[in-house]
Amino acid sequence: MSDSSPGPHGSPELVRELPTVADTHGFGRQLGGLLRTGDLLVLTGPLGAGKTALVQGIGAGLGVLGEITSPTFVIARVHRPDPARGGRVTLVHADAYRLGEAVDPRAEIDDLDLDASVDEAVTVVEWGEGMVEHLVDTHLRVLIDRRDDDTRRVELVPFGGDWAERLSALR
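Since the model is a prediction, treat every value here as computed from it, not as a measurement. Along each chain, residues carry numbers from 1 onward, in the same order as the chain's sequence is written. Totals for whole chains, interfaces and linings use all residues, but because this is a predicted model, local features are given only for residues with pLDDT of at least 70 and pairs of side-chain atoms are given and counted only at 80 or more. Hydrogen atoms and water are omitted, and side-chain values are computed over all heavy atoms in the structure.

(A) Just unusual backbone geometry, in detail. The backbone of Asp 150 sits at a positive phi, close to 75°, despite the residue not being glycine. Helical segments are the DSSP runs of H or I of at least four residues, strand segments are the runs of E of at least two, and each set is numbered from the N terminus. Turning to its location among the elements, Asp 150 is positioned in the loop between β7 (139-146) and β8 (152-159).

Structural data, given as structure tokens:
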């Protein structure tokens, strides 16, 4: 089930209810098929909401190498495209959860040099809200919440660029 409503800056939002983890992966795969070099996704949601499960689907949609796991302890992982799986762009998967406790988490984000790869990859940052948006002119905020019945509610909020147009393919 999905609907759209006006989002910030007049862009439509897309909301999707995902009853299972498999549905979360499938939606991530669909989203991954829309992504291109230079895209930044900022994932927001509580622990256990399904952020990494969504990124696993995105990685499948992008056709990248390697198992996608939470980068909480390594902060960032780079997954190169796998031509045998139709891979076309690198995925940088970062987790800013531990950086949120720093005095200046944006300085720590800068130390990761995400700005050096953001133009050459799809960059997905969990827990990055308020810390990474400055890396690019446009981004997609992905808000994920998990309900008591394990259904995930995913809300895509485009900020600038042609996100609204691209997201219309998911409706």
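(B) Representation of the pattern of salt bridges. Whenever a carboxyl oxygen of Asp or Glu lies within 4 Å of a side-chain nitrogen of Lys or Arg, that contact is scored as a salt bridge. On inspection of all chains with the given rule, the structure shows seven salt bridges. For Arg 166, the salt bridge goes to Asp 39, with nearest N and O atoms at 2.8 Å. Of the two residues, Arg 166 sits in helix α5 (residues 163-167) while Asp 39 sits in the loop between α1 (21-32) and β3 (40-44), which places them 127 residues apart along the sequence. Asp 39 carries the same exposure label as Arg 166, and that label is buried. For Asp 162, the salt bridge goes to Arg 166, with nearest N and O atoms at 3.1 Å. Buried means the residue's accessible area, taken with a 1.4 Å probe over protein chains only, is under 20% of the maximum for its type, while exposed means over 50%, and partly exposed covers the values in between. Taking relative accessible area as the criterion, Asp 162 reaches 26% and is therefore assigned partly exposed. Among the residues examined, Arg 166 registers a relative accessible area of 12% and is labelled buried.

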